[in-house]
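# Understanding the architecture of this molecule
Here's the letter readout for the chains.
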Amino acid sequence: MYDEARHELTRMLRREGIRDERVLAAFDHVPRERFVPPEQRERAYRDEPLPIGEGQTISQPFVVALMLQALELTGRERVLEVGTGSGYQTALLAQLAVEVISLERSPRLAAAATALLAELGVPRVRVFQADGSLGWPAAAPYQAIVVSASAPYVPDALVRQLDEGGRLVLPVGPAEGQELVLLVRRGHGLRRTRLGPVRFVPLIGAEGWGAPFSNGAAHP
Ligand SMILES: C[S@@+](CC[C@H](N)C(=O)[O-])C[C@H]1O[C@@H](n2cnc3c(N)ncnc32)[C@H](O)[C@@H]1O
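In short, a report on the structure.

What counts and how
Residues numbered from 1 in each chain as written. Predicted model: local features only at pLDDT ≥ 70, side-chain atom pairs only at ≥ 80, totals over all residues. Near = placed C-beta within 6 Å. Helix = DSSP H or I, 4+ residues; strand = E, 2+ residues; numbered from the N terminus. Nonpolar A, V, L, I, M, F, W, Y, C, P; charged D, E, K, R; others polar. Axes fitted to C-alpha atoms, helices over the stretch in contact; angles between N-to-C directions. Parallel < 35°, antiparallel > 145°, perpendicular 65-115°, else oblique. Left-handed = near helix turned anticlockwise from the far one by under 90°. Contact = placed C-beta atoms within 7 Å. Pairing = 2+ DSSP bridges. Buried ≥ 20, exposed ≤ 12 C-beta atoms within 10 Å, placed from the backbone.

## Quick notes on the site of the ligand
- Neighbouring residues of the ligand: 26 residues in total, closest Gly83, Gly85, Ser86, Gly132 and Gly205.
- Of all the secondary-structure elements, those providing two or more residues to the shell around the ligand are β2 (56-58), α4 (88-96) and β4 (99-104).
- By residue number, the principal contributor to the shell around the ligand is β2, which donates 3 residues.
- Taken together, the residues of the shell around the ligand break down into 10 nonpolar, 13 polar and 3 charged.

Spelled out as structure tokens, the structure:
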């Protein structure tokens, strides 16, 4: 029922400049409608973020495609994802890498994503409920790390868990708007490239923003 809408989304991503054929094939394969609440299914293939509960969102498809393309995955990488959310990007990553470790702060979202990924038979992914701003040292180093929530600065823990030549993509900046940044590790140095302006929900954790105030704003 949603197949044509999925193909159209993939064609749109191509028109908008996504060139990595493996990324496009992953978008053409993963059923985004399964990762949004039932009342949002009709909107699942629009190029927009959608609410998934707990005040969180499934990210805009074009921005997800941009981040995945920047990782330049070949299929051999172990990837760390911070901010599982619905599990949609986790399922895309499973198409692109050999192993995916995904971290989610919200126990409810982590449990829901774990159940859905298992139900869909998504292979080689592990979801943990944890503060992803600290990474997951037990499985480091990672050849790629992608953060789907905005950090006040690049968390040192994530840089330390990046392999030589590894690629880290994350949004950095305040709640009003951030810069999507690509960091590539070369020896002790990092090459930094700006990928453009984005707007993500905050990364809340020890190397992120502080827990939200009762009015919903996050403090550092
Ligand atoms: C924009 S959503 C991620 C969307 C996800 N990529 C998807 O496909 O649905 C950001 C997620 O990051 C989570 N998050 C925020 N701070 C976190 C942290 N320190 N560790 C792990 N997850 C965190 C939020 O709970 C939220 O689910």
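## Section: the packing of helix α1 (residues 3-15) against helix α2 (residues 21-29)
- Running from N to C, α1 and α2 cross one another at 155°; their axes reach a closest spacing of 8 Å. Between α1 and α2, the angle is such that the two are roughly antiparallel. Once α1 is placed against α2, the crossing between them reads as right-handed. Between α1 and α2, the contacting residues are Arg6, His7, Leu9, Thr10, Leu13 and Arg14 on the first element and Leu24, Phe27 and Asp28 on the second.
- Of the residues in the contact of α1 with α2, the class split is 4 nonpolar, 2 polar and 3 charged.

## Description of the sheet that holds β4
- Within the open sheet, the 7 strands sit side by side as β5-β4-β3-β6-β7-β8-β9. Their pairing is mixed. Of all strands in the sheet, those with a lone pairing partner are β5 (125-129) and β9 (189-198), marking the two edges. Averaged over all adjacent pairs, the angle separating strand axes in this sheet is 15°, with direction ignored.
- Bridge count for β4 against β5 is 5 bridges, and the pairing is parallel. Looking at β5, one finds that Glu104 is bridged to Gln129.
- Along the sheet, helix α3 (residues 61-71) makes contact with β6 (142-147), β7 (162-172), β8 (178-186) and β9, crossing β7 at roughly 160°.

## Points about α3
- With 9 of 11 residues buried, α3 is to be regarded as a mostly interior element.
- For α3, the set of buried residues is Pro61, Val64, Ala65, Leu66, Met67, Leu68, Gln69, Ala70 and Leu71.
- Directly after α3, the chain includes Glu72, whose backbone phi takes a positive value near 50°.

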